[in-house]
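Chains, contacts and geometry: an overview
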Amino acid sequence: MDIPTPTARAAVLVARRIFPETLARLRQHFDVDSNDADEDWGQEELIRRLQGKTGVLLTGTQRVDAALLTACPRLRIAANMTVGYNNFDVAAMDAAGVVGTNTPDVLTETTADFGMALLLAAARRVTEAERFLRAGQWTRWTVDLMAGAEVHGTTLGILGMGRIGQAIARRGAHGFGMRVLYHNRRRLDAATEQACRATYVDKATLLREADHLMLVLPYTPENHHTIGAADLALMKPTAVLVNLARGGIVDDAALAEALRQRRIAAAGLDVFEGEPHVHPGLLQVPNVVLTPHIASATLRTRRAMADLAADNLIAYLTEGRVLTPVNRPPQPRT
Ligand SMILES: O=CC(=O)O
């Protein structure tokens, strides 16, 4: 009688600390090596840990590039725990037959909430006012104490009109009575424009007419420094700029200078060039609200992001299905 040999379980790497429940679910399917200590592995260490692994769950700070793909020939899927995937070299992944996945939808509304939080905080000088109070400088009322910019009823400009941009447009238009203008690579269909009450304009018109500008476009090499000194010069001196997208979309040195000179009134920034390093010029000006890349950070949403990344690994490595792929390699690795 033939004794069936047990089939080997796939080995996967969880490259950052995630929630124990998500890890336990992965362990039901795979042999899991997990970075429970949440160490900052460099690329070399990531490659070393990936030896023999067929899947990896990782975050946007860890690169999947041609060198890694060559050095990790068993890898079949890289599941990002982020919606942005500029850490993937998609062409190299296609050529290597490796699938990449991201976490769309589950973070849309949470991230849009944070966009409004940054806009309100920067326009209404919330963190500046708190610093003033904590420093014991609040001794008396004055008529223009911490007077900021209006948000309701103003014109909101949105650069990048994907899911998050649309969720921000709905909040602006329906919640704050704002006129919404947008610019995007592709114009939205009429029904979506109507639902967001958003009007398509070219980029220069957007910069000139927006009272407040929200950046929610993906980072690509073409989008590098999409907002630089010349673009900031087109904006209203009373405008607030919010960057929820990625460091590198804005020229942070030019922005720091524009804020210092009050070329624009204020900014709310959740992402930075070379983060977690922050341009020193931004740390020196009072008219900017700075947060450490937390736009999707509610526990419920972060759990949903980890779960979706895990579900992608489970679906692909056990059934050959992917839930939220960013590419479809013509010849997937088996
Ligand atoms: O920046 C966060 C994400 O891309 O999910």
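Residues numbered from 1 in each chain as written. Predicted model: local features only at pLDDT ≥ 70, side-chain atom pairs only at ≥ 80, totals over all residues. Heavy atoms only, no water.

Section: the overall build of the chain
A tally of helices and strands in the chain yields 13 helices and twelve strands. Its C-alpha atoms give the chain a radius of gyration of 22 Å, within 12% of the compact-globule value 20 Å for 334 residues. Expressed as lengths along the three principal axes of its C-alpha atoms, the size of the chain is roughly 90 × 50 × 30 Å. Taken over 334 residues, the chain has a buried fraction of 51%. Of the contacts formed within the chain by residues at least 6 apart in sequence, a portion of 62% connects residues at least 24 apart. Of the roughly 16,500 Å² of accessible surface on the chain, 53% is carried by carbon and sulfur atoms. For the chain, the centre of its 37 positive side-chain charges and the centre of its 36 negative side-chain charges are spaced 3 Å apart. (Helix = DSSP H or I, 4+ residues; strand = E, 2+ residues; numbered from the N terminus. Rg over C-alpha atoms; globule rule 2.2 N^0.38 Å. Buried < 20%, exposed > 50% of the residue type's maximum accessible area, 1.4 Å probe, protein only. Contact = heavy atoms within 4.5 Å. Areas by Shrake-Rupley, 256 points an atom, 1.4 Å probe, with all protein chains shown as cover. Lys, Arg positive; Asp, Glu negative; His and termini not counted. Charge placed at Lys NZ, Arg CZ, Asp CG, Glu CD.)

Section: the pattern of salt bridges
According to the stated counting rule, one finds 21 salt bridges in the structure shown. For the salt bridge of Arg187 with Glu193, the shortest nitrogen-to-oxygen distance reads 2.8 Å. In this structure, Arg260 and Glu257 form a salt bridge, with 2.8 Å as the shortest nitrogen-oxygen distance. Within this pair, Arg260 and its partner Glu257 are both found in helix α11 (residues 252-260), separated by three residues, close to a single helical turn. Arg260 gets classed as exposed once you look at its relative accessible area, which sits at 55%. Residue Glu257 is classed as partly exposed on the basis of its relative accessible area, which comes to 32%. (Salt bridge = Lys/Arg side-chain N within 4 Å of Asp/Glu carboxyl O.)

Points about the site of the ligand
Lining the immediate environment of the ligand, one finds Thr82, Val83, Gly84, Leu107, Arg246 and His293. Contact between the ligand and Arg246: an oxygen atom at 2.7 Å from a side-chain N or O atom of the residue. Alone, the ligand offers 190 Å² of accessible surface; in the complex the protein occludes 87% of this. A per-class count over the shell around the ligand returns two nonpolar, three polar and one charged. (Near = heavy atom within 4 Å. Polar contact = N/O pair within 3.5 Å; in protein donor to acceptor, adjacent residues only side chain to side chain. Nonpolar A, V, L, I, M, F, W, Y, C, P; charged D, E, K, R; others polar.)

Some words on the packing of helix α1 (residues 20-27) against helix α13 (residues 299-319)
When two helices pack together, their arrangement is given by the angle between the helix axes and the distance between those axes. Two elements in contact, α1 and α13, have axes separated by 10 Å at closest approach and are oriented at 10°. As judged from the angle between their axes, α1 and α13 are roughly parallel. Side by side, α1 and α13 meet where Glu21, Thr22, Arg25 and Leu26 of the first sit next to Arg303, Ala306, Asp307, Ala310, Asp311, Leu313 and Ile314 of the second. The residue inventory of the contact of α1 with α13, partitioned by class, reads five nonpolar, one polar and five charged. (Axes fitted to C-alpha atoms, helices over the stretch in contact; angles between N-to-C directions. Parallel < 35°, antiparallel > 145°, perpendicular 65-115°, else oblique.)

Let's talk about the packing of helix α5 (residues 108-123) against helix α7 (residues 163-176)
In the contact formed by α5 and α7, the axes pass within 8 Å of each other and the chain directions differ by 55°. When the axes of α5 and α7 are compared, the pair comes out oblique. Considering how the two elements wind past one another, α5 and α7 form a crossing that is right-handed. Of the residues in α7, those touching α5 at Thr108, Glu109, Thr111, Ala112, Asp113, Met116 and Leu120 are Arg163, Ile164, Ala167, Ile168, Arg170, Arg171, Gly172 and Phe176. (Left-handed = near helix turned anticlockwise from the far one by under 90°.)

Concerning the pairing of strand β1 (residues 11-14)
A two-sided burial pattern is seen for β1, the buried positions comprising Ala11 and Leu13 on one face and Val12 and Val14 on the other. Examined bridge by bridge, β1 and strand β2 (residues 31-34) share four bridges and lie parallel to one another. For Leu13, the partnering residue across the bridge sits in β2 and is Asp33. With α1 bridging β1 and the parallel β2, this β-α-β connection has right-handed handedness. Two elements, β1 and strand β3 (residues 55-58), share three bridges in a ladder whose sense is parallel. Looking at the pairing, Val14 lines up with Leu57 of β3. (Pairing = 2+ DSSP bridges. Right-handed = clockwise from strand over helix to strand, strands pointing away.)

Overview of the UniProt feature "domain: D-isomer specific 2-hydroxyacid dehydrogenase catalytic" (unreviewed entry) in the chain
Feature annotation in UniProt places "domain: D-isomer specific 2-hydroxyacid dehydrogenase catalytic" (unreviewed entry) on residues 12-327, given in this structure's numbering. In this annotation, residues 12-327 is assigned 39% helix and 15% strand; the end-to-end C-alpha distance for the span is 20 Å. (UniProt positions renumbered as here; feature names shortened; annotations may be inferred.)

Some points on unusual backbone geometry
Here the residue pair Glu275 and Pro276 is connected by a cis peptide bond, since its omega of 15° sits within 30 degrees of zero. Tracing the chain through its elements places Pro276 in the loop between β11 (266-269) and α12 (280-284). Look at Asp105: it is not a glycine, yet its phi comes out positive at around 70°. Counting through the fold element by element, Asp105 comes out in the loop between β5 (99-101) and α5. One non-glycine residue, Arg197, adopts positive backbone phi at about 45°. The topology assignment puts Arg197 in the loop between α8 (190-196) and β8 (198-200).

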